[in-house]
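Here is how the chains run, residue by residue.
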Amino acid sequence: MLLTGYQTPAAICRRGRARPTAWLASCGARGAGTVAAAALEAAQAQQAALPGEDVAGQIVADPATRILAPDDRLKRIHQQVCETFRSHAQAEIIESLPGMGPIFAAEFAVAAGDLAAYADAGHPASAAGVVPVPRDSGRRTGNYHRPKRYSRRMRQVFYIRADQHDA
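Residues numbered from 1 in each chain as written. Predicted model: local features only at pLDDT ≥ 70, side-chain atom pairs only at ≥ 80, totals over all residues. Heavy atoms only, no water.

### Concerning the packing of aromatic side chains
One pass over the full model with this rule turns up one aromatic pair. Measuring from centroid to centroid gives 6.3 Å for tyrosine 6 and tryptophan 23, while their planes differ by 85 degrees, and the two rings are edge-to-face. With tyrosine 6 in the loop between α1 (2-5) and α2 (9-15) and tryptophan 23 in helix α3 (residues 18-27), this pair connects stretches of sequence that are 17 residues apart. Residue tyrosine 6 is classed as buried on the basis of its relative accessible area of 10%. When its relative accessible area of 32% is taken as the criterion, tryptophan 23 is described as partly exposed. (Phe/Tyr/Trp six-rings, centres within 6.5 Å; stacked < 30°, edge-to-face > 60°. Helix = DSSP H or I, 4+ residues; strand = E, 2+ residues; numbered from the N terminus. Buried < 20%, exposed > 50% of the residue type's maximum accessible area, 1.4 Å probe, protein only.)

Here it is in structure tokens:
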């Protein structure tokens, strides 16, 4: 992030510590003050100035900007998914489930379909295959087994959510 704004030691020394710190903070960097202090210290220790270092700095800035571009794109896509999901008729109900954020709730809405099709709260879990199925006969009771038919997409949403919730 620092290289997108300040590429040469001379540029860092001219700006001091406050401006690079503010630049990094505006980019969302953690520990902006520490990074800016370390960069300033390294820049002040630099003794030699090479001809053409401004051109080399511009060359360095381009890949640094391109490296950060996917993060910005992911943030925009995340925002679009959240906005689109929140326009769903049952978004408020789905998001009220414990641990469901907008992304997992959107995946759940796609996998489950219309929630009115389920009689109670246990039916989506059963459709996802996370509820054991009884295989009782005669006097034998409590003989449960894993279901063989279930929605793989819904099971994935439940398992991913459980994994994220434990972390």
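### Considering the packing of α3 against helix α4 (residues 32-45)
Interhelical geometry of α3 versus α4 gives an angle of 140 degrees and a closest axis separation of 8 Å. When the axes of α3 and α4 are compared, the pair comes out oblique. The way α3 lies across α4 gives a crossing that is right-handed. From α3, Pro20, Thr21, Leu24 and Ala25 reach across to α4, where they touch Ala32, Gly33, Val35 and Ala36. Tallied by class, the residues present in the contact of α3 with α4 amount to six nonpolar, two polar and no charged. (Axes fitted to C-alpha atoms, helices over the stretch in contact; angles between N-to-C directions. Parallel < 35°, antiparallel > 145°, perpendicular 65-115°, else oblique. Left-handed = near helix turned anticlockwise from the far one by under 90°. Contact = heavy atoms within 4.5 Å. Nonpolar A, V, L, I, M, F, W, Y, C, P; charged D, E, K, R; others polar.)

### A closer look at the side chain of glutamine 90
With respect to the helices and strands, glutamine 90 occurs in the loop between α5 (53-86) and α6 (91-95). Sequence-distant contacts of glutamine 90, defined by excluding residues within four places in its chain, comprise Gly113, Asp114, Leu115 and Ala116.

### Describing the packing of α5 against helix α7 (residues 102-112)
Following both chains from N to C, one finds α5 and α7 inclined at 55 degrees, their axes separated by 9 Å at the closest point. As far as their axial angle goes, α7 and α5 are oblique. Every pair of crossing elements has a handedness; the one defined by α5 and α7 is left-handed. Across from His78, Val81, Cys82, Phe85 and Arg86 in α5, the residues of α7 making contact are Pro102, Ile103, Ala105, Ala106 and Ala109. Grouping the amino acids of the contact of α5 with α7 by side-chain chemistry returns eight nonpolar, one polar and one charged.

### Concerning the nonpolar core
Core analysis: the largest hydrophobic core is formed by 15 residues, its most contacted members being Phe85, Ile94, Met100, Phe108 and Met154. Sorting the residues of this core by element identifies α6, α7 and α9 (152-166) as the ones contributing at least two each. The greatest single-element share of this core, amounting to seven residues, is contributed by α7. Within the second largest apolar cluster, 10 residues are counted, among which are Tyr6, Ala11, Ala39 and Ala43. (Core = buried A, V, L, I, M, F, W, Y, C linked by side-chain atoms within 4.5 Å.)

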